[in-house]
Amino acid sequence: MAFEKNPDISAAEDDTQRCIERSFFTTAKLDDSKLSVLAWRDSAGFIFDTNPLQAPEKKPFFAELESYNYGSIVTSVCNTVSSSWRRSPLDAARNGVDHFLVQFYVRGSGEYTTDSRGLTRFKPGDIYITDATRSLLTHTEDLQNFTLWIPRNLLEPLVTDPDALHGMLLKADDPSATILRTYLASLHEQAPGLTVAQAQAMTQPTLDLLVATLDQNPAVRNEYRHRSSVSSVASLMAVKRYINQHLDHPDLGPDKIAHACCMSRATLYRLCGPLGGVQNYIQQQRLKKVLAALMDTKLRHLSIAQIAGFWGFHEPSTFTRIFRRVFGVTPGEARGCHSLSDGAGSNIDQDVEIGDRLYEQWLTQQLL
């Protein structure tokens, strides 16, 4: 399976016939290999901290990324040299990309490490799924890969245990994975001819096929052996929604949640078992709020203690220990982090075309 480069798309005068948006980036017109690396890191840095595995003076660097916006989902095809790709919860807090990534490699093998599954090796054709809000480190050979970007709130309600998706691998030779891979490749290849209305109509069938593949693939069936009934899934979503809407309430706890969601404490505890328990889920969501606040430049006037206290963390040493365990850095180090950029844009001749960054806008705006 190979992807052909698609020509630039143009919008028709009639909005009902408009083709979907295309984003394209390439380092092909940059003569300096080191500058190509900087330009690529500056473009892709809002998603991954990426670096070539070989120095550009030893191996010429090249990167190309083509993406299409279907209205709620995005597809991308990337070509580049052997590289490392790193993403952490700090990156998620910094840029707001809250998607699941469904990826497969047309060319190039590699390995990835997540915060839950350890080291996993993959080969061309294998499909793996990652959560953009969680830690990921990938090392790849020279590659061509495909990525489907799905906003969390589109996929999460459709699966029983969204947390189990991060790092999940579907083997290339499994028939259901082959069907999904072929469909996704075709979706991207046909994108230049899709109108906006046609592309939007493809979202639900794409989600349906993905969820069906997760349910039926032998490699992941065990993840769903305790699948709850539809009503239980709906109840869990209601609990999570209530918790996230009331995280700033000091008295948020099992009794209040159970009463608000019209269920017993026993039912609440059973539903929240896969989340590590009610209190654990509340703590995790509050920590994410703290992290986002620490990364917000508009809140620099507030101390770390003030921000932590607002979200219910009143003991500094305990808060710091928990924060570091979850995010790998102290609150002070998180606040000191800045957006990844090497200033590549300011060093590139403006007459040299390297493409656009529309895909960055699509993903940070969630496309909803």
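It should be noted that the structure appears before, not after, this text.
The shown structure was predicted, so the numbers you read here are calculated from the model rather than taken from an experiment. (Residues numbered from 1 in each chain as written. Predicted model: local features only at pLDDT ≥ 70, side-chain atom pairs only at ≥ 80, totals over all residues. Heavy atoms only, no water.)

K.L.:
Kindly report on the sheet that holds strand E1 (residues 21-26), identifying the contributing residues and their values.
P.N.:
Within the open sheet, the 7 strands sit side by side as E1-E3-E4-E11-E6-E9-E12. Their pairing is antiparallel. Across the chains shown, the open sheet's two edge strands, defined by having one partner strand only, are E1 and strand E12 (168-170). Adjacent strand axes in the sheet meet at a mean angle of 20 degrees when their direction is disregarded. As defined by bridge partners, strand E3 (residues 63-69) adjoins strand E4 (residues 74-80) across 7 bridges and the pair is classed as antiparallel. By the bridge assignment for E4, Ser67 is matched with Ser76. Relative to the sheet, helix H1 (residues 33-44) contacts E1, E3 and E4, its axis offset from that of E1 by approximately 150 degrees. (Pairing = 2+ DSSP bridges. Helix = DSSP H or I, 4+ residues; strand = E, 2+ residues; numbered from the N terminus. Axes fitted to C-alpha atoms, helices over the stretch in contact; angles between N-to-C directions. Contact = heavy atoms within 4.5 Å.)

K.L.:
Tell me about the pattern of salt bridges, and name the residues and values.
P.N.:
It is possible for side chains of opposite charge to pair when their charged atoms get near one another. Under the defined criterion, the tally for this structure stands at 14 salt bridges. Arg121 is the salt-bridge partner of Glu111, the closest N and O atoms lying 2.4 Å from each other. Placement of Glu111 in strand E7 (residues 110-114) and of Arg121 in strand E8 (residues 118-122) is noted, with a sequence separation of 10 residues between them. According to the relative accessible area criterion, Glu111 is partly exposed, its value standing at 23%. A residue is classified by how much of its surface remains accessible, and Arg121, at 57% relative accessible area, is exposed. Between Asp126 and Lys123 there is a salt bridge, and its shortest N-O distance comes to 3.5 Å. A relative accessible area of 1% means that Asp126 is categorised as buried. Residue Lys123 is classed as partly exposed on the basis of its relative accessible area, which comes to 40%. Connected through salt bridges with shared partners, the residues Asp98, Asp131, Arg152, Glu156 and Lys240 form a single ionic network. (Salt bridge = Lys/Arg side-chain N within 4 Å of Asp/Glu carboxyl O. Buried < 20%, exposed > 50% of the residue type's maximum accessible area, 1.4 Å probe, protein only.)

K.L.:
Which residues make up the environment of Leu187, and what are the values?
P.N.:
Tracing the backbone through its elements, the reader meets Leu187 in helix H4 (residues 175-189). Leu187 gets classed as buried once you look at its relative accessible area, which sits at 6%. Expressed as a C-alpha distance, the spacing of Leu187 and Thr75, which sit 112 residues apart in the sequence, is 8.3 Å. The residues touching Leu187, leaving out its near neighbours within four places in the chain, are Tyr70, Thr75, Met202 and Thr206.

K.L.:
Describe the pairing of E3, naming the residues involved and giving the relevant values.
P.N.:
With respect to burial, E3 is a largely interior element, 7 of its 7 residues being buried. Residues Ala63, Leu65, Ser67 and Asn69 line one face of E3 and the alternating positions Glu64, Glu66 and Tyr68 line the opposite face, and both faces are buried. Bridging between E1 and E3 involves 6 bridges; their strand directions are antiparallel. The residue of E3 that forms the bridge with Phe25 is Leu65. The turn joining E3 and E4, which pair antiparallel and follow one another in sequence, is formed by 4 residues; a positive phi near 110 degrees is taken by Gly71.

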